[in-house]
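# Descriptive analysis of the structure
Each chain is listed here by its residues.
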Amino acid sequence: MRILFVGAEVAPLAKAGGMGDVLGALPKVLHQLGYDVRIIMPYYGFLDDKIEVPSEPIWHSHAMSQDFSVYQTTLPKSNVPLYLLKHHSFAPRRIYGDDEYWRFTFFSNAAAEFAWNCWKPDIIHCHDWHTGMIPVWMHQTPDITTVFTIHNLAYQGPGRGFLEHNTWCPGYMDGDNSLVAGIKFAGRITTVSPTYAEQIQTPAYGERLDGLLSNFNHNLVGILNGIDMELYNPAEDQFIHQTFTPYTLEDRKANKIGLQQETGLEIEEGAFLMGMVTRLVEQKGLDLVLQMLDRFLVHTDAQLVVLGSGDHYYENQLWQLAARYPGRVSVQILYNDVLSRRIFAGADVFLMPSRFEPCGISQLFAMRYGCVPIVRSTGGLKDTVSFYDPMNEEGTGYCFDHYDPLELLFCMIRAWEGFRFKDDWMKLQQRCMTQDFSWYGSAAEYIKIYKELTGQPGELTSEEEDKISFLIQKNISWDLNGKGNIDENIGEDNTEKESTETQTVIQEESTTVEDEQTQESTAPTDSSTITSQAVEVVTNHNAPEIEESLSQESSTSIITTETEVHQPTSDIEEDQPKLKPRPSISSPTGD
Ligand SMILES: Nc1ncnc2c1ncn2[C@@H]1O[C@H](COP(=O)(O)OP(=O)(O)O[C@H]2O[C@H](CO)[C@@H](O)[C@H](O)[C@H]2O)[C@@H](O)[C@H]1O
């Protein structure tokens, strides 16, 4: 089956938020499971710094009276073919900007031409408003069907008037803007969590489309996002101060100290350190934080580090907060992947009190790095963070229901108290870190949809089921993807060799990013745990064959990785100063 992903962001090459994470990870997993999946994205001006692209394009054509070319390369750390669509409007070194309606309408149009005339897929998987017109155009192409994923209903794209003026709106087209067009004409509509799929059918979350979505609910399904567990692995992450696993949480402390040092916070190992990594927009619940933080800080030893950029209103408010609490509140107004990882690895808790949240990826990264989430139970946050019950040693985070500053305050107080019970806290962190946030389970749901839409039974083969359960086991067991010597237990395995190669590459880059800060990059392991988990893994009778077929895939991946792994992950990030110890308030210019 041939699947073409079309989207504006693809991590680690071009990412402004969570959609980029999805397009950078899900295709890799589908490819690993044997599907011919490819991605097309704009050839942004900053991509040449991040990836090697052949000098000759593979195809030329035109759309909306404009010429464009397509270049072919590979998604970093994978064998997934990646097509880059080149046009002068994408030459500026940014993803979004004033002319984004025109640019992305053009991008969709050119991607449709590509699918009709260059590489014809069975399925086009479209993402957000940027690609909403593709299902309309494909409506009369019977051998190409579409899946349309809504990452955020709040952004709906250009209206009907703009679309009619700039591109082809066929007579049968119906819909007021590009997002609505996608909803009405897609073969299947998906959104990124089951709870959000329910919520958007109600006036409170429907962004005026609740009626439409209720009408289409037979065609709407919520599939939870995952994360790239390989790229975000605290046991191997060379961008953090000290690698660690759930079984070596003592080592995590070095990350807390390092974070306090480089963000200008008081160096206090016992302080309750809260982190936020977020776009600074209304959605993310910043007004709740701003309303109650004074009260919390006055009565506790808490510290807060915020990394984000977005609305000036929130930037200003956060700066003022940092000015009132020097050494206790640090506000970093920038986009920086390295610092985000260090916050996940160093903070004790992660704040995400969102007004609404389609899924949320940041809380998944936080849990993966043992940073306990404090969330409002809405959308995907409700589906991914479970209520912490210390008595029964269950749950993974602190949750509150109503969008109310006092509820957030109580929740933070509970977390601050819980933090004093060190043994329980460590178990809570371990539970967070051993959740399955991989893409495998969700990829299976997408595969079923792709199959149904192409006229096959909407179920997995037994071989696919075996492979997926093996891979899930591998991800949560902290051995195969960590530094365990699992190869002694299940046949031939390239894991160790690969990690050494990857480490060398990343270590080199780490030196540049950290400005000559030297670090010991040991990956601690607990051999007894690893051995017992290894025994668990080998009980899967198909494990050796599956492992062998997968190791072929991943060993080639490493080779393609070398040039790309070490690149900065955002177009915005590269214009930012390198990370150094800094005072607690930073301006966008880094002054
Ligand atoms: N200043 C900064 N520096 C470095 N990294 C930063 C950053 N600001 C944000 N990020 C990163 O960007 C991503 C944000 O993803 P989220 O899913 O949490 O929210 P977002 O609203 O962008 O995504 C939307 O799409 C995704 C994907 O479907 C949904 O999960 C989500 O609910 C929906 O709102 C994370 O990887 C985070 O670490």
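Residues numbered from 1 in each chain as written. Predicted model: local features only at pLDDT ≥ 70, side-chain atom pairs only at ≥ 80, totals over all residues. Heavy atoms only, no water.

### Notes on the packing of helix α9 (residues 286-299) against helix α14 (residues 405-418)
- Running from amino to carboxyl end, α9 crosses α14 at an angle of 40°, the nearest separation of the two axes being 9 Å. It follows that α9 is oblique to α14 by the angle criterion. With respect to the hand of their crossing, α9 and α14 are arranged in right-handed fashion. Here α9 contributes Leu-288, Val-289, Gln-291, Met-292, Leu-293, Arg-295, Phe-296 and His-299 to the contact with α14, which in turn contributes Pro-405, Leu-406, Leu-408, Leu-409, Met-412, Ile-413 and Trp-416. (Axes fitted to C-alpha atoms, helices over the stretch in contact; angles between N-to-C directions. Helix = DSSP H or I, 4+ residues; strand = E, 2+ residues; numbered from the N terminus. Parallel < 35°, antiparallel > 145°, perpendicular 65-115°, else oblique. Left-handed = near helix turned anticlockwise from the far one by under 90°. Contact = heavy atoms within 4.5 Å.)

### A short note on the site of the ligand
- With respect to spatial proximity, 30 residues lie near the ligand, and among them Asp-21, His-151, Arg-279, Glu-357 and Gly-360 are the closest.
- Asp-21 has a polar side-chain atom sitting 2.6 Å from an oxygen atom of the ligand.
- At 3.0 Å, a side-chain N or O of Gln-283 approaches an oxygen atom of the ligand.
- Protein contacts shield 97% of the accessible area of the ligand, which totals 720 Å² for the unbound molecule.
- The set of elements that each furnish at least two residues to the shell around the ligand consists of α1 (18-32), β10 (273-280), β11 (303-310), α11 (337-346) and α12 (362-368). (Near = heavy atom within 4 Å. Polar contact = N/O pair within 3.5 Å; in protein donor to acceptor, adjacent residues only side chain to side chain. Areas by Shrake-Rupley, 256 points an atom, 1.4 Å probe, with all protein chains shown as cover.)

### Description of the side chain of Thr-167
- Tracing the sequence through the fold places Thr-167 in the loop between α4 (160-166) and α5 (178-185).
- Accessibility expressed as a relative area gives 11% for Thr-167, which makes it buried.
- What Thr-167 contacts, discounting residues up to four positions off in sequence, is Met-64, Thr-105, Asn-109 and Trp-137. (Buried < 20%, exposed > 50% of the residue type's maximum accessible area, 1.4 Å probe, protein only.)

### Description of the state of the cysteines
- Scanning all chains against the criterion turns up 0 disulfides.
- Between Cys-118, a cysteine without a disulfide, and Cys-126, which holds the nearest cysteine sulfur, the sulfur-to-sulfur distance is 17 Å.
- By relative accessible area, Cys-118 is classed as partly exposed at 33%.
- Among the cysteines around Cys-126, which has no disulfide bond, Cys-169 carries the closest sulfur, lying 16 Å off. (Disulfide = S-S within 2.5 Å.)

### What about the sheet that holds strand β9 (residues 220-222)?
- With mixed pairing, 9 strands are arranged side by side in an open sheet as β3-β4-β5-β2-β1-β6-β7-β8-β9. Unpaired on one side and paired on the other, β3 (59-63) and β9 mark the two borders of the sheet. Taken pair by pair, the neighbouring strands of this sheet meet at an average axis angle of 25°, ignoring direction.
- Looking at chain direction, strand β2 (residues 36-42) and strand β5 (residues 81-86) are connected through 4 bridges and run parallel. When the sheet's bridge partners are listed, Ile-39 is paired in β5 with Leu-82.
- Contacting β1 (2-6), β6 (123-127), β7 (145-150), β8 (188-191) and β9, helix α16 (residues 440-453) crosses the sheet at an angle of about 150° to β7. (Pairing = 2+ DSSP bridges.)

### Some details on the domain arrangement of the chain
- Its domain assignment divides the chain into domain 1 (2-222) and domain 2 (228-436 + 455-570).
- Listed by partner, the interface residues are 34 residues for domain 1 and 39 residues for domain 2.
- A combined buried area of about 3000 Å² lies between domain 1 and domain 2, and 52% of that area is made up of carbon and sulfur atoms.
- It is Gln-32, Lys-50 and Lys-77 that lose the most area in domain 1 upon contact with domain 2, and together they represent 25% of the buried surface on that side.
- At the junction of domain 1 with domain 2, the criterion picks out 2 salt bridges.
- In this structure, Lys-77 engages Glu-230 in a salt bridge whose closest nitrogen and oxygen atoms are separated by 3.6 Å.
- Remark: the boundary between domain 1 and domain 2 carries 10 residue pairs in polar contact (both at pLDDT 80 or more).
- Going through the elements one at a time, α1 and α6 (194-199) are the ones with two or more residues in the side of domain 1 that touches domain 2.
- The element that contributes the greatest number of residues to the side of domain 1 that touches domain 2 is α1, accounting for 8 residues. (Domains from an automatic or database assignment. Buried area = accessible area lost by both parts, 1.4 Å probe. Salt bridge = Lys/Arg side-chain N within 4 Å of Asp/Glu carboxyl O.)

### Examining the pairing of strand β12 (residues 329-333)
- Along β12, 5 of the 5 residues are buried, which leaves the element largely enclosed by surrounding structure.
- Residue alternation in β12 divides its side chains into two sets, Val-329, Val-331 and Ile-333 and Ser-330 and Gln-332, and both sets are buried.
- Of the strand pairs in this sheet, β11 and β12 are connected by 5 bridges, and their pairing is parallel. Paired with Val-305 across the two strands is Ser-330, which belongs to β12.
- For the crossover from β11 across helix α10 (residues 312-324) to β12, the handedness is right-handed. (Right-handed = clockwise from strand over helix to strand, strands pointing away.)

### Concerning the pairing of strand β13 (residues 349-352)
- Residues Val-349 and Leu-351 of β13 are buried on one face, and the alternating residues Phe-350 and Met-352, pointing to the opposite face, are buried as well.
- Of the pairings in the sheet, the one linking β10 to β13 comprises 2 bridges and is parallel in character. Its bridge partner being in β13, Met-274 is matched across the sheet by Val-349.
- Examined bridge by bridge, β13 and strand β14 (residues 372-376) share 4 bridges and lie parallel to one another. Looking across to β14, one finds that Val-349 is bridged to Val-372.
- Taken together, β13, α12 and β14 form a β-α-β motif whose crossover is right-handed.

### A look at the confidence of the model for the chain
- Predicted confidence across the chain gives a mean pLDDT of 85, with 81% of residues reaching 70 or more.
- Across residues 480-541, confidence stays below pLDDT 50; counting only partners more than four residues off in sequence or on other chains, it has 113 contacts.
- Within the model, the stretch residues 553-591 combines pLDDT values under 50 with 105 contacts to residues more than four positions away or in other chains.
- For this predicted complex, the interface confidence score (ipTM) comes to 0.99, while the overall pTM stands at 0.84. (pLDDT = per-residue confidence, 0-100.)

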